[in-house]
Amino acid sequence: MHHPAPDTALRHKTRPSWLRAAAVALAIAPAAARAEDPAPAAAAQPAQAAAPQTLETHVGLIYRPQSAPSSYDAEAAPEDEGLAGAKMGIADNNTTGRFTKQTYVLDEVALTDDKPDAVAAAKELIGKGVRYLVLALPADAVLAVADAVKDTGAVVLNAGAPDDRLRGAECRANVFHILPSRAMLTDALAQYLTVMRWRKLFLIVGPTDADKAYADAMRNSARKFALKITAEKPWTFGPLAKARGDTPTRAEAMVFTRGLDYDMAIVADEEGDWGDYVPYRTVDPRPVGGTQALTPTTWSPVLETWGAAQAQNRFRRLASRLMRPLDYQVWAAVRTVGEAVTAKKTNDPAVIAPYLVEPAFTLPAYKGVPLSFRPWDHQLRQAIIVVQPKALVSVAPEQGFLHQRTPLDTLGVDLPETTCKFK
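Residues numbered from 1 in each chain as written. Predicted model: local features only at pLDDT ≥ 70, side-chain atom pairs only at ≥ 80, totals over all residues. Heavy atoms only, no water.

1. What to know about the overall build of the chain
And step 1. When its secondary structure is counted, the chain shows 12 helices and 14 strands.
And step 2. By the burial criterion, 46% of the 423 residues in the chain qualify as buried.
And step 3. Within the chain, contacts between residues separated by at least 24 positions form 68% of all contacts whose residues are at least 6 apart in sequence.
And step 4. Of the accessible surface of the chain, which amounts to about 21300 Å², a share of 56% is contributed by carbon and sulfur atoms. (Helix = DSSP H or I, 4+ residues; strand = E, 2+ residues; numbered from the N terminus. Buried < 20%, exposed > 50% of the residue type's maximum accessible area, 1.4 Å probe, protein only. Contact = heavy atoms within 4.5 Å. Areas by Shrake-Rupley, 256 points an atom, 1.4 Å probe, with all protein chains shown as cover.)

Set out below in structure tokens:
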């Protein structure tokens, strides 16, 4: 507390009463004037900054709901596969957004027989101002949408097509690939086989184009990791994995593996029509892997480490079912948008798209390491889990597989090998 100097205090005490009253009046008058006329005071005070407005980001999802099976199928894809993952991604983005003054909205379009055109759906979303499109669609649809929205500046996030051609000869500058390529998946399996020293492979190839593409990826991975395909046969017995009761072809299938020298059978059955029939029915006792049995994948209910158990529980509360790989991939696509918008404080795709391939961008995604995009083909680097139906078996990249940038780049097509020239 300030005390006046002694001589000053003395003067105050000896000042005549009328002088003191005049001084008080003069002091009060300006204050009264200020109270009666607030305008000058407002002019004198610096203008207060307007409250920051919330930044709202719309994320579009285009997907095709799975048809209900004609008869009981314990592993039938749920109708909301992918959509449920998007909803959890939006919820997670909004959880962070409450602290950063950002909100996220999901605009989903389900393709049906009455509305089958993915390009029309994309243009509809673009017309509404959506600039981030998550696609849970096959490769041809991804390319068609990417080309159709190229001039809008929209960012396309591929969550459903593993085709290597989308990361190679047919790559697009506006497309970012969330799920692993087939090459990454088969490299993950090949690394595990190398560690186990199961070097001789029997490759069984299904009839579809997707099966043949998976087989091509497996052949490339075998060469890359010095494995040997000692036998290869096409599967010609039909969808035995889903057959009911005995069929005449079962006896033929049981001798399908007779007389072959191999350590492990690799099945290429992306449709899931017959691959589950092979384990435990080979003539010689041999493990089975590939698209069934021992499987490289992005996500599985058996993954519990690195916070995945909490994510599994949150998803189950939200969707009343287990999280599937497509759910995880769509979730990661939505979270990619959220992480980038949070970091850059803008949802302008002209800012976000270049940022995604910068070293500063990383995506925490329950894989033990932060994920990032490869600049040369826009593929999301990621660890890949190798699982059997009831347990986690391994995680790729395996220990001992090194790379000058990151061990994650030992999976899939590396920079010196890429054929991607962005269009």
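From this point, the narrative continues.
2. Some words on the pattern of salt bridges
Working definition: two side chains of opposite charge can pair if their charged atoms are close together.
And step 1. By the definition in use, this model includes 20 salt bridges.
And step 2. Residues Glu 81 and Arg 324 are paired through a salt bridge, measuring 3.0 Å at the closest nitrogen-oxygen approach. Of the two residues, Glu 81 is situated in the loop between strand 1 (55-63) and helix 4 (83-100) and Arg 324 in the loop between helix 10 (308-319) and helix 11 (325-344); the sequence distance between them amounts to 243 residues.
And step 3. A relative accessible area of 27% places Arg 324 in the partly exposed class. (Salt bridge = Lys/Arg side-chain N within 4 Å of Asp/Glu carboxyl O.)

3. Here's the deal with empty space enclosed by the protein
Leftover empty space is mapped by rolling, across the atoms, a probe with the size of a water molecule.
And step 1. All chains considered together, the criterion is met by one cavity of 30 Å³ or more.
And step 2. Of the pockets and cavities examined, the largest cavity occupies roughly 60 Å³.
And step 3. Every residue along the wall of the largest cavity is listed here: Ile 204, Trp 235, Ala 253, Met 254, Phe 256, Thr 257, Tyr 277, Val 278, Arg 281 and Thr 282.
And step 4. Of the residues belonging to the lining of the largest cavity, the class tally is seven nonpolar, two polar and one charged. (1 Å grid on protein atoms, 1.4 Å probe; cavity = no way out; pocket = protein on both sides within 12 Å on 5 of 7 lines; lining within 4 Å. Points joined across faces, edges and corners; volume = space filled by probe spheres on them. Nonpolar A, V, L, I, M, F, W, Y, C, P; charged D, E, K, R; others polar.)

4. Some points on a nonpolar patch on the surface
And step 1. Judged by side-chain polarity, Met 254, Val 255 and Val 283 come together as a nonpolar surface patch covering roughly 230 Å² of accessible area.
And step 2. According to the relative accessible area criterion, Met 254 is partly exposed, its value standing at 46%. (Patch = residues over 30% accessible without salt bridge, like charges linked within 9 Å, V, L, I, M, F, W, Y side chains within 5 Å.)

5. Notes on the packing of helix 7 (residues 182-196) against helix 8 (residues 209-224)
And step 1. Interhelical geometry of helix 7 versus helix 8 gives an angle of 50 degrees and a closest axis separation of 8 Å. By the angle between their directions, the pair helix 7 and helix 8 is classed as oblique. Here the hand of the crossing between helix 7 and helix 8 comes out right-handed. Contact residues: Arg 182, Ala 183, Thr 186, Asp 187, Leu 189 and Ala 190 in helix 7; Ala 210, Ala 213, Tyr 214, Ala 217, Met 218, Ser 221 and Lys 224 in helix 8.
And step 2. Partitioning the contact of helix 7 with helix 8 into residue classes produces eight nonpolar, two polar and three charged. (Axes fitted to C-alpha atoms, helices over the stretch in contact; angles between N-to-C directions. Parallel < 35°, antiparallel > 145°, perpendicular 65-115°, else oblique. Left-handed = near helix turned anticlockwise from the far one by under 90°.)

6. Things to note about the layout of surface pockets
And step 1. Estimates place the volume of the second largest pocket at around 490 Å³.
And step 2. Forming the walls of the second largest pocket are 26 residues, and the residues nearest its centre are Asp 164, Arg 165, Ala 183, Asn 220 and Val 413.
And step 3. Those elements giving two or more residues to the lining of the second largest pocket turn out to be helix 7 and helix 8.
And step 4. When residues of the lining of the second largest pocket are assigned to their parent elements, the largest contribution, eight residues, is made by helix 8.
And step 5. Its residues assigned to classes, the lining of the second largest pocket comprises six nonpolar, eight polar and 12 charged.

7. Quick notes on the sheet that holds strand 4 (residues 155-158)
And step 1. Taking strand neighbours across the sheet as the criterion, the five strands line up as 2-1-3-4-5 in an open arrangement whose pairing is parallel. Two strands close off the open sheet at either side, each with one partner strand: strand 2 (102-110) and strand 5 (175-177). Neighbour to neighbour, the strand axes of the sheet diverge by 25 degrees on average, direction disregarded.
And step 2. The pairing of strand 4 with strand 5 spans three bridges and is classified as parallel. By the bridge assignment for strand 5, Val 156 is matched with Val 175. (Pairing = 2+ DSSP bridges.)

8. Side note on the pairing of strand 4
And step 1. Residues Val 155 and Leu 157 point to one face of strand 4 and Val 156 and Asn 158 to the other, with burial holding for every one of them.
And step 2. Bridging between strand 3 (residues 132-136) and strand 4 involves four bridges; their strand directions are parallel. Bridge pairing in strand 4 links Leu 133 to Val 156.
And step 3. For the crossover that starts at strand 3, traverses helix 6 (residues 139-148) and ends in the parallel strand 4, the hand is right-handed. (Right-handed = clockwise from strand over helix to strand, strands pointing away.)

9. Here's the deal with the sheet that holds strand 10 (residues 295-297)
And step 1. Strands sit in the order 10-13-14 across an open sheet of three strands; the sheet is antiparallel. Looking at strand neighbours, the two that pair on one side only are strand 10 and strand 14 (391-396), the edges of this open sheet. Geometrically, the sheet is characterised by an average inter-axis angle of 30 degrees between neighbouring strands, direction not taken into account.

10. So, the state of the cysteines
And step 1. Under the counting rule described, the total for this entry stands at one disulfide.
And step 2. Across a sulfur-sulfur distance of 2.1 Å, Cys 171 and Cys 420 are joined as a disulfide pair. What sets the handedness of the Cys 171 and Cys 420 disulfide is the S-S torsion sign, and at about 95 degrees it is right-handed. You can see Cys 171 sitting in the loop between strand 4 and strand 5 and its partner Cys 420 sitting in the segment after strand 14, a full 249 residues away along the chain. (Disulfide = S-S within 2.5 Å.)

11. Comments concerning the packing of helix 4 against helix 11
And step 1. Helix 11 packs onto helix 4 with a crossing angle of 20 degrees between their chain directions and a minimal axis gap of 7 Å. For the element pair helix 4 / helix 11, the angle class is roughly parallel. When you trace helix 4 past helix 11, the crossing you get is right-handed. Contacts from Ala 84, Gly 85, Ala 86, Met 88, Gly 89, Ile 90, Asp 92, Asn 93, Thr 96 and Thr 100 of helix 4 reach helix 11 at Asp 327, Val 330, Trp 331, Val 334, Arg 335, Gly 338 and Thr 342.

12. Focus on the side chain of Ser 394
And step 1. Along the chain, Ser 394 falls in strand 14.
And step 2. Side-chain polar atoms of Ser 394 contact the side chain of Glu 398, separated by 2.6 Å.
And step 3. Filtering out sequence-adjacent residues up to four positions away, Ser 394 remains in contact with Tyr 192, Ile 384, Ile 385 and Val 386. (Polar contact = N/O pair within 3.5 Å; in protein donor to acceptor, adjacent residues only side chain to side chain.)

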